[in-house]
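# Structural characterization, general
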Amino acid sequence: GCSCASHAECAAGYECVQSQCVALVGDDCTDSPVSISASGTFYGSTVKHTNTYNGGSGSLDCMSSGGLSNTEDRDVVYEVVIPANGYATIWVDTFGTQDVLLYAATGCPINNGNCNNLGEQRTSDNDRERLDIYSASGGTYYVVLDADNNSAGFDFRMDVTIGSGGSVGREGPIVQIG
């Protein structure tokens, strides 16, 4: 990417995050989401995206299971590939700008039949959240980054650790899949 000061300075298909133009990620699970199969750090933004998924009176009951009734912000989706008897630990940081919410689904399109419980760790540091996914069978999971209000979107850094065997810390809620 190139350096930038605003989203308008990036070419089509890119957005400005932390002064760098980065490729847009999927607006929903059918819109070519970035596939992650190895640990790494990923930067993105929801500014050029739409509000696809809603909890509460919206479309997904799994999003309101944690007591949230308003997930009406712009959202993005990543595919996360987990090995059999493996796990993914996902930390999302919004640089102090937004209380991000994380959800996991086992299929696409994402619906009430495959969306797995609220995966947000309610920390005192609301702009940094964690999701742990354990998978006995392994496979592709869809992780939704959303927020609890209707804003113009937010920039984020996502740190992903994917592994097999062992386990990750028990600090946050665990989404047990498979």
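Residues numbered from 1 in each chain as written. Predicted model: local features only at pLDDT ≥ 70, side-chain atom pairs only at ≥ 80, totals over all residues. Heavy atoms only, no water.

## Topic: the environment of Cys16
Considering the arrangement of structural elements, one finds Cys16 in strand S1 (residues 14-17). For the pair Cys16 and Asp155, spaced 139 residues apart in sequence, the C-alpha separation works out to 8.5 Å. Excluding residues that lie within four positions of it along the chain, Cys16 makes contacts with Cys4, Ala5, Ser6, His7, Cys10 and Asp155. (Helix = DSSP H or I, 4+ residues; strand = E, 2+ residues; numbered from the N terminus. Contact = heavy atoms within 4.5 Å.)

## Regarding the pattern of salt bridges
For the structure on display, the rule yields 2 salt bridges. In this structure, Asp132 engages Arg130 in a salt bridge whose closest nitrogen and oxygen atoms are separated by 3.0 Å. The pair Asp132 / Arg130 is uniform in exposure class, with both members buried. The residue Arg157 makes a salt bridge to Asp159 at a minimum N-O spacing of 3.1 Å. (Salt bridge = Lys/Arg side-chain N within 4 Å of Asp/Glu carboxyl O. Buried < 20%, exposed > 50% of the residue type's maximum accessible area, 1.4 Å probe, protein only.)

## Here's the deal with the environment of Val81
With respect to the helices, strands and loops of the structure, Val81 is situated in strand S5 (residues 76-82). Non-local contacts of Val81, meaning those with residues more than four positions away in its chain, are made with Ser35, Ile36, Ser37, Gly139, Thr140 and Ile162.

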